[in-house]
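Structural overview for review
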Amino acid sequence: MRILTRNIAIREEQNWLETLKNAISDPKILLKTLNLPVEDFAEDISARKLFSMRVPLPFVEKMEKGNPKDPLFLQVMTAQQEFIEAEGFSQDPLDEQQKNAVPNILHKYQNRLLFMAKGGCAVNCRYCFRRHFPYDQNPGNKTSWQQAIDYIAAHSEIEEVIFSGGDPMMAKDSEWAWLLERLEKIPHLQRLRIHSRLPVVIPERITDEFCDLLLKSRLKAVFVTHINHPNEIDEVLAFAMQKLAGAKVTLLNQSVLLKDVNDNPHILKVLSDKLFQSGILPYYLHLLDKVQGASHFYISDEKALQIYKELQALTSGYLVPKLAREIGGEPNKTLYTA
């Protein structure tokens, strides 16, 4: 325990921005780091031009060296299948760009909306449904943020702001302070939800300052992590989640069902167990959004439902996430039952 505490303290002292800066952006470097032969991935490497690579080192450290089928590696490594133009897949699978009311705002639901504070992510997941989104038209700066805040203030039906992206945790603590100060002044706002994968790949992003901001806010905070596989959860991530829980933040998780990554009920059970052990409640298990370039991750609805049925038989009901798909234009997610 003393060794773990000391290691966590060292990690917390590191600047998360420095860790982000040192993220791997070259597939060849990732392969060499994992002791994988570069020549075996010649055709895969070229997919980098379709969607750039970014993988922070703390996430790479969780991968098994020498294993080309490592489930974390498969989520971030460029693949030749990304060039496939699969039928039924598109660059905007959820028709979100039509809902881009003002810069940084996606108003898709009745009582809540998405605030896309930042366009960048700490890790570029190859199945990302927004890999083609025009982030250049949604700049992450205070000028565009103020437009978004004015929009929220003018729509009294909005009770909840969902910070999405990109990854909203790419914003610095000082920027979060600026945003919260203004959002808290909008009387009809009640809740703040943050969807982020950043703590999974750079756990030290959950700083004491950020937790203090949420603890002192009048808005009830919910933090939704994006964890797909139990190997993504370690003691350092669990410690970061404990800090959020200490700030009275509700912790939920959403996963995406991915071929060759987590399409197995036993893996999903272990994931739910480790999430709950870390203080996170399984929330959603998403069917893959049909974004162009990610068809090799796709699982049919029939297989997904079979996996889900088996998962229900393996674990307690409260540890079974909702199986869901988002359909463009619908007022809410579509839930599936097995």
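Predicted model, so just to flag it, every value in this text is computed and none were measured. (Residues numbered from 1 in each chain as written. Predicted model: local features only at pLDDT ≥ 70, side-chain atom pairs only at ≥ 80, totals over all residues. Heavy atoms only, no water.)

1. Things to note about the overall build of the chain
Secondary structure summary: the chain contains 13 helices and nine strands in total. Computed over its C-alpha atoms, the radius of gyration of the chain comes to 19 Å, within 12% of the 20 Å expected for a compact globule of 338 residues. Dimensions of the chain along its principal axes, counting C-alpha atoms only, are 55 × 50 × 45 Å. Relative to its 338 residues, the chain shows a buried fraction of 55%. Nonlocal contacts in the chain, meaning residues at least 24 apart in sequence, comprise 82% of its contacts between residues at least 6 apart. When the accessible surface of the chain is split by element, carbon and sulfur atoms take 49% of a total near 15,100 Å². (Helix = DSSP H or I, 4+ residues; strand = E, 2+ residues; numbered from the N terminus. Rg over C-alpha atoms; globule rule 2.2 N^0.38 Å. Buried < 20%, exposed > 50% of the residue type's maximum accessible area, 1.4 Å probe, protein only. Contact = heavy atoms within 4.5 Å. Areas by Shrake-Rupley, 256 points an atom, 1.4 Å probe, with all protein chains shown as cover.)

2. With respect to helix α10 (residues 208-216)
Residues Phe210, Cys211 and Leu214 constitute the buried set of α10. All buried residues of α10 lie within an arc of 100° about the axis, which places them on one face of the element. The exposed residues of α10 that point more than 90 degrees off its buried face are Asp208 and Lys216. Packed against the buried residues of α10 are α8 (173-183), β4 (191-196), β5 (220-226) and α11 (235-246). (Arc of directions from axis to C-beta.)

3. Focus on the layout of surface pockets
In this structure, the largest pocket encloses a volume near 920 Å³. What lines the largest pocket is a set of 46 residues, and nearest its centre among them are Phe129, Arg130, Ser164, His226 and Gln254. Elements that contribute at least two residues to the lining of the largest pocket include exactly β2 (112-118), β3 (160-165), β4, α9 (198-201), β6 (250-256) and β7 (281-286). Residues that form the lining of the largest pocket fall into these classes: 21 nonpolar, 14 polar and eleven charged. Estimated volume of the second largest pocket: approximately 360 Å³. What lines the second largest pocket is a set of 14 residues, among which Pro68, Leu74, Ala79, Gln81 and His296 lie closest to the centre. (1 Å grid on protein atoms, 1.4 Å probe; cavity = no way out; pocket = protein on both sides within 12 Å on 5 of 7 lines; lining within 4 Å. Points joined across faces, edges and corners; volume = space filled by probe spheres on them. Nonpolar A, V, L, I, M, F, W, Y, C, P; charged D, E, K, R; others polar.)

4. Quick look at the packing of aromatic side chains
Two aromatic rings are characterised by how far apart their centres lie and by the angle between their planes. This structure, assessed with the given rule, holds nine aromatic pairs. Ring geometry for Phe41 and Phe73: centres 6.0 Å apart, planes at 85°, overall edge-to-face. With a gap of 32 residues between them, Phe41 in the loop between α3 (27-33) and α4 (42-45) and Phe73 in helix α6 (residues 71-76) connect regions that are remote in the sequence. Their ring planes at 20° and their centres at 4.9 Å tell us that Phe115 and Phe163 sit as a pair that is stacked. Of this pair, Phe115 sits in strand β2 while Phe163 sits in strand β3, and the two are 48 residues apart along the sequence. The exposure class assigned to Phe115 is buried, which follows from its relative accessible area of 0%. Taken together, the aromatic side chains of Phe115, Phe163, Trp176 and Phe210 make up a single cluster linked through ring pairs. Between Arg112 and the ring centre of Tyr109, over which it is positioned, the NZ or CZ distance is 4.4 Å. (Phe/Tyr/Trp six-rings, centres within 6.5 Å; stacked < 30°, edge-to-face > 60°. Lys NZ or Arg CZ within 6 Å of the ring centre and 35° of its normal.)

5. Let's talk about the packing of α10 against α11
In the contact formed by α10 and α11, the axes pass within 9 Å of each other and the chain directions differ by 30°. Compared by their axis directions, α10 and α11 come out roughly parallel. Between α10 and α11 lies a crossing whose hand is right-handed. Residues Asp208, Phe210, Cys211, Leu214 and Leu215 of α10 lie in contact with α11, whose contacting residues are Lys243, Leu244 and Gly246. (Axes fitted to C-alpha atoms, helices over the stretch in contact; angles between N-to-C directions. Parallel < 35°, antiparallel > 145°, perpendicular 65-115°, else oblique. Left-handed = near helix turned anticlockwise from the far one by under 90°.)

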